[in-house]
Amino acid sequence: SMIMLLVVPFLGVNLVSPEQIFQQSEISELVLNYRIPRMLLGYFAGAILALSGLSFQSIFSNPLATPYTLGIAGAASLGAILAMYVGWSNLVVPAMAMALFSTVLMYVFSRKQNWNETHKVLLTGVALNMLFSSGILFVQFQFDYLDTFKILHWLVGSIQNISWGSVGLLAIVLLVGLVVLLLNVRTLDLLSLGEEFALSKGVHVGKVRWQFISLNALLVGTVVSLLGPIGFIGLMVPNVMRFWLGASHASLIWGCALGGGLILLLADLVARNACYPIEVPVGVFTSFIGAIFFLHLVSKPHDRV
């Protein structure tokens, strides 16, 4: 992981050597203010998305539960699109607000219908995701042609908004997510074994579940507001790490943080250079790989889905 972080800033269509950084001001400016913050943005965002996916899969005991299947990422995207439409430059707050709004909607529907079962909560998330997607399409058609193209590029998911301020924000969000998850390792272990088992061990499943959904609304809302809805990292990485490291969240949390960061970092490296001089949004690559992985996961006969 550390080796990749040290090597990636020097990689690209034009390779950069350490000597060039010290000898040429243009090269040092490129590396320090573009390549390094872009690398850190990708790494932190990938780690956050993977940790978010892990927590959702654990609290619902379902390998398909992610911020995207629950509609939270769609809500955050709609919040950011609405902010763009009215001309706001700060997308973080509207994205977070809509993500939290989707959480409240899920809570209201589940309480009204007494839907505490996992599969019904997931179905509610799918329905909300469709609702927010239709809202995104409606707002998108209100823009002119040029802005519509920019929004389409953003909706695929790409590492833009490259600044040290964005890096600092994601670093704080990642730290918050790590701390909360590490403080709840035992609870996540119990929930991943099923709701009934967790209840028998004294876990207040309903309360814990909604606390984690609200936390992830804030985490995912931040990532989506900065980079767009980059899909499937939260689905793939936790399942792969569970296969490699086992079911204990004490190791899964760190595995997902490292693995999620590395996968998005490598995907962005490919996106920058595969079709040069055209830069393909990184979400294209993660969605392609993730769709194949999703089909493989669904086809496995012994998964709890």
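Going by the structure above, here's the rest.
Now for a quick tour of the structure.

This paragraph deals with the overall build of the protein chain. Within the protein chain, the regular secondary structure consists of 14 helices and zero strands. Secondary structure of the protein chain in N-to-C order comes out as α-α-α-α-α-α-α-α-α-α-α-α-α-α. Relative to its full complement of 305 residues, the protein chain shows a buried share of 50%. For the protein chain, restricting intrachain contacts to residue pairs at least 6 apart in sequence, the fraction spanning at least 24 positions comes to 76%. Entry remark: accessible area of the protein chain is about 14600 Å², with carbon and sulfur atoms responsible for 70%.

So, on to the packing of aromatic side chains. For the coordinates displayed, the defined rule picks out three aromatic pairs. Ring geometry for Phe56 and Phe60: centres 6.5 Å apart, planes at 10°, overall stacked. For the pair formed by Phe56 and Phe60, the shared burial category is buried.

Time to look at a nonpolar patch on the surface. The grouping of Tyr85, Val86 and Trp88 at the surface amounts to a nonpolar patch, some 360 Å² of accessible area in total. Checked against the element boundaries, Tyr85 lands in helix α4 (residues 72–86). A residue is classified by how much of its surface remains accessible, and Tyr85, at 44% relative accessible area, is partly exposed.

Applying the stated criterion across every chain, the model contains one salt bridge. The partner of Asp268 in a salt bridge is Arg38, with the nearest N and O atoms 2.8 Å apart. Taken together, the residues Asp268 in helix α13 (residues 249–273) and Arg38 in helix α3 (residues 25–59) connect sequence positions 230 residues apart. One exposure class covers both Asp268 and Arg38, and it is buried.

Turning our attention to the nonpolar core. Leu51, Phe56, Ile59, Phe60, Ile81 and Leu170 are the most contacted members of the largest nonpolar core, which has 86 residues in total. The element contributing the most residues to this core is α3, with 14 residues. Those residues in contact with Ile81, other than ones at most four positions away along the chain, are Ile136, Val139, Phe143, Ile151, Trp154 and Leu155.

In contact at an axis separation of 10 Å, helix α8 (residues 164–183) and α13 are set at 160° when each is read in the N-to-C sense. Of the possible angle classes, the one that applies to α8 and α13 is roughly antiparallel. The crossing of α8 and α13 is right-handed. Facing Leu178, Leu181 and Leu182 of α8, the residues of α13 in contact are Ile253, Trp254 and Ala257. In the contact of α8 with α13, the residues fall into six nonpolar, no polar and no charged.

Take the side chain of Arg38 next. Note on Arg38: relative accessible area 3%, which makes it buried. Aside from chain neighbours lying at most four places away, what touches Arg38 is Ile159, Ile162, Asp268, Arg272 and Glu279.

This paragraph deals with the packing of α4 against helix α7 (residues 145–156). Closest axis-to-axis distance for the α4/α7 pair is 12 Å, and the angle between their directions is 155°. As far as their axial angle goes, α7 and α4 are roughly antiparallel. As for the relative orientation of α4 and α7, their crossing is right-handed in sense. Each of Ser77, Ala80, Ile81 and Met84 in α4 lies in contact with α7, whose residues at this interface are Ile151, Trp154 and Leu155. Partitioning the contact of α4 with α7 into residue classes produces six nonpolar, one polar and no charged.

Cut-offs applied
Residues numbered from 1 in each chain as written. Predicted model: local features only at pLDDT ≥ 70, side-chain atom pairs only at ≥ 80, totals over all residues. Heavy atoms only, no water. Helix = DSSP H or I, 4+ residues; strand = E, 2+ residues; numbered from the N terminus. Buried < 20%, exposed > 50% of the residue type's maximum accessible area, 1.4 Å probe, protein only. Contact = heavy atoms within 4.5 Å. Areas by Shrake-Rupley, 256 points an atom, 1.4 Å probe, with all protein chains shown as cover. Phe/Tyr/Trp six-rings, centres within 6.5 Å; stacked < 30°, edge-to-face > 60°. Patch = residues over 30% accessible without salt bridge, like charges linked within 9 Å, V, L, I, M, F, W, Y side chains within 5 Å. Salt bridge = Lys/Arg side-chain N within 4 Å of Asp/Glu carboxyl O. Core = buried A, V, L, I, M, F, W, Y, C linked by side-chain atoms within 4.5 Å. Axes fitted to C-alpha atoms, helices over the stretch in contact; angles between N-to-C directions. Parallel < 35°, antiparallel > 145°, perpendicular 65-115°, else oblique. Left-handed = near helix turned anticlockwise from the far one by under 90°. Nonpolar A, V, L, I, M, F, W, Y, C, P; charged D, E, K, R; others polar.

Shape descriptors only; they carry no functional weight alone.
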